[in-house]
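# Examination of the molecular architecture
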Amino acid sequence: MKRAVAAALALLISWTGAAGEKAMSPTIQEVKTKHAPRFLALSGVVSVGIGRDADGREVIVIGLDRARPETQASLPAQLDGYRVRVEIIGTLKAR
Amino acid sequence: MAHDVETVRAALATSRDRLLPQAHVVATGVGYKITRGVKTGALSIVCSVTQKVALNQLRPRDRVPPAIDGIPTDVVATGVIRALQARTARFRPAPGGVSIGHRAITAGTLGCLVRRQGQVFVLSNNHVLANSNDAQRGDAILQPGPHDGGKFPDDQIANLEDFVPVSFLGLPSKCRFASGVVAVLNAACWSIGSKTRYRTVNLQAIDNRVDAAIARPLQPDQVKSEILEIGSIAGLGSGSLGLAIKKSGRTTGLTTGEITQVDVSANVQYGPGRLARFTDQLMAGPMSQGGDSGSAVLDSSNRLVGLLFAGSENSTIINRIEHVFSELRLTL
């Protein structure tokens, strides 16, 4: 009986712990959604999405129409713990 | 007994002119005989036919003999052989992957066939079938599109049925409240003799998820469920990072790629000075050009995952098929 209570208690603690952790760090989707409108308003930014780096980790990818030194200088290297990569995508046109 | 290829070629040369006029025969050649689906080691004279017909249904002179000069024959059903048509040509029935367009546009791509309440429609982009919102239900859709020589009424294949309006940035707002406020302001301007008038525009981006439209074929048998160089759609899939994809489009034909980004928010130009914001898009590498808009995007198992609509020199932007189907209430 004591064992069962202890196990239940341990389970409860680990569960609340996990929940607490989740609330602490937002998902990459949440971070991207929160910041995308701000980046898309910068001159030359054509896209904000989620891609992968060479190690397979998910990164936030900001696309530019061409080299934009000023815009690039204003972009962060990380957002809420997620890496940010800047790519020259080109102007996006309906085809 | 197996013959060498020169012997078989010589036998073919003397019998070709006799074989080709026979009913159903469309080609002759030299090849290994295939028996019950398995390639044998024996060279044979291969007669390609439009369809296989039981011997007793054929006039004696139309029967391909089992052997010619001791060399076995093989009859293979290949169907009618046609010159490969350019995707910008007129196709009836029209498959996915060929030129199509609203009367007032240049040309885009017929994506694939879809259903709404049991009826069959062709799927493509709003900017292909509905002239980027500037169209009415019932407008003529041409195959091929006007840029590829499609003429009304001869090449009309369908009527515009429905489209999801694309919301553009900086264009007149459809907000009724804002329109009301502006009407009051303009009345005030008028009453004081001012020549200034106000109008409402969308400053805040309204997010689009799809650039999609459907058209109703004039005749169901003038369209075809297959997609050129891809074949039949196996079902619905969903785009994810790294997924291998392919499309069949008017301009660049069959191309393959990989989804490099998901959850993409993007600013897309619709002609000079017209911009629209899209969210929850898929991005792939350079696998399209102008005119490929409207192409169906499939995974390697032929599951439909998206609708191609935009791109740059080194990217392609694709609507998720989930959003296309839900916004237009479609099924396969």
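This text gives an overview of the structure that appears in the document.

### What about the overall build of chain A?
Tallying secondary structure elements over chain A gives three helices and five strands in all. The secondary structure elements of chain A, listed N-terminal to C-terminal, are α-α-β-β-α-β-β-β. Relative to its full complement of 95 residues, chain A shows a buried share of 34%. Across chain A, every contact between residues at least 6 apart in sequence was considered, and the portion connecting residues at least 24 apart equals 46%. Surface exposure of chain A reaches about 5900 Å², of which carbon and sulfur atoms provide 60%.

### Quick word on the pairing of strand β16 (residues 244–249) of chain B
Residues and elements named next belong to chain B. Of all six residues that make up β16, five are buried, and the element is covered over most of its length. Bridging between β16 and strand β17 (residues 253–269) involves six bridges; their strand directions are antiparallel. Of the residues in β17, the one forming a bridge with G249 is G253. Linking β16 back to β17 in an antiparallel pair, the connection comprises three residues. Note: β16 against strand β19 (residues 296–299), three bridges, orientation antiparallel. Across the sheet, the residue bridging to I245 is D299, located in β19.

### Observations concerning the side chain of D53 of chain A
Residues and elements named next belong to chain A. Within the secondary structure, D53 sits in the loop between β1 (45–52) and β2 (58–64). A distance of 2.8 Å separates a polar atom in the side chain of D53 from a polar atom in the side chain of R83. Once residues within four sequence positions are removed from consideration, D53 is found in contact with V59, R83 and R85.

### Examining the interface of chain B and chain A
The interface of chain B with chain A comprises 29 residues on the first partner and 24 residues on the second. At the boundary of chain B with chain A, total buried surface from both sides reaches about 2000 Å², with 47% on carbon and sulfur atoms. Per-residue buried area on chain B facing chain A is highest for L241, Q261 and D263 of chain B; these three make up 26% of the total on that side. Where chain B packs against chain A, one counts one salt bridge. The shortest N-O distance in the salt bridge between D263 of chain B and K32 of chain A comes to 3.8 Å. On the surface where chain B and chain A come into contact, there are 16 residue pairs in polar contact (both at pLDDT 80 or more). Those elements that place two or more of their residues in the side of chain B that touches chain A are β17, β18 (275–284), β20 (303–312) and β21 (315–320) of chain B. In terms of residue count, β17 of chain B provides more of the side of chain B that touches chain A than any other element does, 10 residues in total. Strand direction decides the pairing type here: β1 of chain A and β17 of chain B, joined by three bridges, are antiparallel.

### Section: the side chain of E161 of chain B
Residue placement: E161 of chain B occurs in strand β11 (residues 156–163). Beyond its immediate stretch of four places on either side in the chain, E161 of chain B contacts R116, F121, R137, I214, A215 and R216 of chain B.

### Notes on the pattern of salt bridges
Under the definition given, this model contains 20 salt bridges over all chains. When the shortest N-O distance is used, the salt bridge between D162 of chain B and R116 of chain B registers 2.6 Å. With D162 of chain B in strand β11 and R116 of chain B in strand β8 (residues 112–116), this pair connects stretches of sequence that are 46 residues apart. With relative accessibility at 10%, the residue R116 of chain B sits in the buried group. In this structure, R320 of chain B and D280 of chain B form a salt bridge, with 3.3 Å as the shortest nitrogen-oxygen distance. You can see R320 of chain B sitting in strand β21 and its partner D280 of chain B sitting in strand β18, a full 40 residues away along the chain. Since its relative accessible area comes to 11%, R320 of chain B is described here as buried. Members of the salt-bridge network, linked through shared partners, are D53, D55, R57 and R83 of chain A.

Analysis parameters
- Residues numbered from 1 in each chain as written.
- Chains lettered and ligands numbered in written order.
- Predicted model: local features only at pLDDT ≥ 70, side-chain atom pairs only at ≥ 80, totals over all residues.
- Heavy atoms only, no water.
- Helix = DSSP H or I, 4+ residues; strand = E, 2+ residues; numbered from the N terminus.
- Buried < 20%, exposed > 50% of the residue type's maximum accessible area, 1.4 Å probe, protein only.
- Contact = heavy atoms within 4.5 Å.
- Areas by Shrake-Rupley, 256 points an atom, 1.4 Å probe, with all protein chains shown as cover.
- Pairing = 2+ DSSP bridges.
- Polar contact = N/O pair within 3.5 Å; in protein donor to acceptor, adjacent residues only side chain to side chain.
- Buried area = accessible area lost by both parts, 1.4 Å probe.
- Salt bridge = Lys/Arg side-chain N within 4 Å of Asp/Glu carboxyl O.

Such coordinate-based values are descriptive only and should not be taken to indicate function.
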